[in-house]
Amino acid sequence: MSKHVVVIGAGVIGLCTAYYCLQRGFTVTVVERLPAQRDGTSFGNAGMIVPSHFIPLAAPGMITTALKWMWNSSSPFYIKPRLSADLIDWCLKFSRAANIEHVRRSAPLLRDLSFASRSCFEQLTTSMDYELVKKGLLMLCQNERTLEDEARTATHAKELDIPAEILNEKQTAVLDPNTRMHIVGSVYYPLDCTLTPERFLAALQANLVNAGVQFIWCGEVVDFEIEKPRRIRATMLADGNQIEADELVLCSGAWSPLLAAKLSLRIPVEAGKGYSLTLPKPRQLPSICSILTEARVAVTPMGEALRVGGTMEIAGLSQKIKPNRVRGIVNSFCRYFPDFNPSDFDDIPPWRGLRPCSPDGLPYIGRTARFDNLSIATGHSMMGLSLGPITGKLMAEVLSDSRLSHDITMLSPDRYN
Ligand SMILES: Cc1cc2nc3c(=O)[nH]c(=O)nc-3n(C[C@H](O)[C@H](O)[C@H](O)COP(=O)(O)OP(=O)(O)OC[C@H]3O[C@@H](n4cnc5c(N)ncnc54)[C@H](O)[C@@H]3O)c2cc1C
């Protein structure tokens, strides 16, 4: 009999893990506490597949920027002060990781994982019904100083063989002639892509159902039964049922630390709340996705629709929508795209999602030392969609004790234990 792998969480990381485990011949069960129709973090995001994001969130300058933005209620980054030992510990770890040496070590790995994941997305389009739009990404800048900073990042990208072009306002307009933008210039990353996350997840889920993966919807994992000191026998669900497993993979996003704690494991993750709004019929449809650099807002054409999303609000697991922050996104977008009005968004319900953020900006991927049959795949922060397929592929390699296609030592889930 093939090994039974139980995947906890049906976000993009859980579904990609299930897919590649199935390819390796494992029997797979996915347990998800939400129903099959859901709108979690993996659904309403900006849909960008981003080799351009080779610098982890924990990078030099982020602490100063974060402190500056802390006092502005509509700023793109905010840490809500709360008396929590976990939050204080996460912030300390973040500030320790935000240095040049960490960026130097992480960037080549993030680049390799992003390109490998992009290839997986290309391959998956051959068997699943979704579109990968390969038009690149623009980092739009409204002031010269930001453009200079972005130009430096572009030079770093080129040193790592990631193509990047520094463009002035006119050159940017040539790339997207039908869209009026209020900018001084941009950096163009031609290898970035986009997709509609809801469509990708629906296609992947349908593929898994057809291939015989068992899904347990509305199945909240609340605990584990330990058989031997180093082996987990079963997951315990809130309704009293148990699921036996040969291997368990924790893919429960921002909620992962809660389940890890049941096993006396520390997986530092803070939820980074973000919002998006999708205009079904925008008055203008940019043809290339962009990031509004000063505002940290992502703008993605998705078919005929346009999605605008952003903010990183570290405020625990609350899913409450803060109108100030949503307004901040809309106002920034209208400053860069002056043909739009804030009132265009009046009837658009904001979506929110919780990014699982590790303090060093790198995901956790791999086995834990504490248990022989527990692996973790979480902490992807702003790159969970982008790195979904390569994460699933790596997890399947780990579980089949194969030679790994990438050195994932830096991603060890034990790095803070
Ligand atoms: C505004 C915004 C824009 C973004 N844009 C991009 C982008 O353009 N590109 C990109 O790559 N990334 C982007 N991201 C980040 C990306 O969405 C996340 O990194 C990714 O979705 C995380 O996936 P996940 O599977 O780890 O977590 P989730 O999608 O949160 O999935 C975890 C699942 O586990 C389930 N779960 C939790 N606890 C339990 C339990 N006890 N029992 C059973 N199930 C449980 C949850 O219900 C959930 O369904 C964006 C995020 C936001 C908020």
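For clarity, every value in this text was computed on a predicted model and none was experimentally measured.

A look at the layout of surface pockets
Vacant regions in the atomic arrangement are exposed by a probe of water-molecule size rolled over the atoms.
Next up, step 1: Here the second largest pocket is characterised by a volume of approximately 340 Å³.
Next up, step 2: What lines the second largest pocket is a set of 19 residues, and nearest its centre among them are Asp86, Pro257, Ile267, Val269 and Glu270.
Next up, step 3: Of all the elements in the fold, those that place two or more residues in the lining of the second largest pocket are α3 (85-97), α8 (256-262) and β14 (270-279).
Next up, step 4: Class assignment for the residues of the lining of the second largest pocket results in twelve nonpolar, two polar and five charged.
Next up, step 5: The residue makeup of the lining of the second largest pocket includes at least three contributed by each of domain 1 (4-42 + 200-267 + 360-411) and domain 2 (49-99 + 131-193 + 270-354).

Describing unusual backbone geometry
Next up, step 1: Even without glycine at this site, Cys218 takes up a positive phi of about 55°.
Next up, step 2: The residue Cys218 is located in the loop between β9 (214-216) and β10 (221-228) in this model.
Next up, step 3: Residue Ser264 is not a glycine yet carries a positive backbone phi of 60°.
Next up, step 4: With respect to the helices, strands and loops of the structure, Ser264 is situated in the loop between α8 and β14.

With respect to the pattern of salt bridges
Next up, step 1: Applying the stated rule across the entire model yields 23 salt bridges.
Next up, step 2: A salt bridge links Arg152 to Asp149; the shortest N-O distance between them is 2.5 Å. Residue Arg152 and its partner Asp149 are both found in helix α5 (residues 144-159); the two are separated by three residues, about one turn of the helix.
Next up, step 3: Under the relative-accessibility criterion, Arg152 is labelled exposed at 53%.
Next up, step 4: Residue Arg233 is joined to Glu244 by a salt bridge in which the shortest nitrogen-to-oxygen separation is 2.9 Å. Taken as a pair, Arg233 in strand β11 (residues 231-237) and Glu244 in strand β12 (residues 242-244) lie far apart in primary sequence, eleven residues in all.
Next up, step 5: Using a relative accessible area of 18% as the deciding quantity, one classes Arg233 as buried.
Next up, step 6: Taken together, the salt bridges that share partners define one network made up of Lys3, Glu247, Arg367 and Asp401.

Quick word on the domain arrangement of the chain
Next up, step 1: Domains assigned within the chain are domain 1 (4-42 + 200-267 + 360-411) and domain 2 (49-99 + 131-193 + 270-354).
Next up, step 2: Between the C-alpha centres of domain 1 and domain 2 the distance comes to 28 Å.
Next up, step 3: Buried surface at the junction of domain 1 and domain 2, both sides included, amounts to about 1,300 Å², of which 62% is carbon and sulfur.
Next up, step 4: Counting every contact that joins domain 1 to domain 2 gives one salt bridge.
Next up, step 5: In this structure, the salt-bridge partner of Asp89 is Arg266, at a minimum N-O distance of 2.6 Å.
Next up, step 6: Across the contact surface, domain 1 and domain 2 share four residue pairs in polar contact (both at pLDDT 80 or more).
Next up, step 7: Broken down by class, the residue content of the side of domain 1 that touches domain 2 amounts to six nonpolar, five polar and three charged.

Reading the values: rules and limits
- In this numbering scheme, every chain counts its residues from 1 along its sequence in written order.
- pLDDT decides what is reported in this predicted model: residues at 70 or higher carry local features, side-chain atom pairs at 80 or more are listed and counted, and totals for whole chains, interfaces and linings draw on all residues regardless.
- To get the side-chain values, take all heavy atoms of the structure and skip hydrogens and water.
- Cavity: a set of points on a 1 Å grid over the protein atoms alone where a 1.4 Å probe fits but cannot get out. Pocket: an open set with protein on both sides within 12 Å along at least five of seven lines, its lining residues, like those of a cavity, having an atom within 4 Å of a point.
- Grid points are joined across faces, edges and corners, and a volume is the space filled by probe spheres set on the points.
- Runs of H or I in DSSP of at least four residues are treated as helices and runs of E of at least two as strands, each being numbered from the N terminus.
- Each residue receives one of three labels: charged for Asp, Glu, Lys and Arg, nonpolar for Ala, Val, Leu, Ile, Met, Phe, Trp, Tyr, Cys and Pro, and polar for the others, Gly being one of them.
- Boundaries between domains were set according to an automatic or database domain assignment.
- Salt bridge, as used here: a side-chain nitrogen of Lys or Arg that lies within 4 Å of a carboxyl oxygen of Asp or Glu.
- Per-residue accessibility, obtained with a 1.4 Å probe over protein chains only, is compared with the maximum for each type, and a residue is labelled buried under 20%, exposed over 50%, and partly exposed between these values.
- The term buried area denotes the loss of accessible surface (1.4 Å probe radius) that occurs when two parts are joined, taken as the sum for both partners.
- Nitrogen and oxygen atoms within 3.5 Å of one another constitute a polar contact, given that in protein one can donate a hydrogen and the other can accept it, and given that sequence-neighbouring residues count only through two side-chain atoms.

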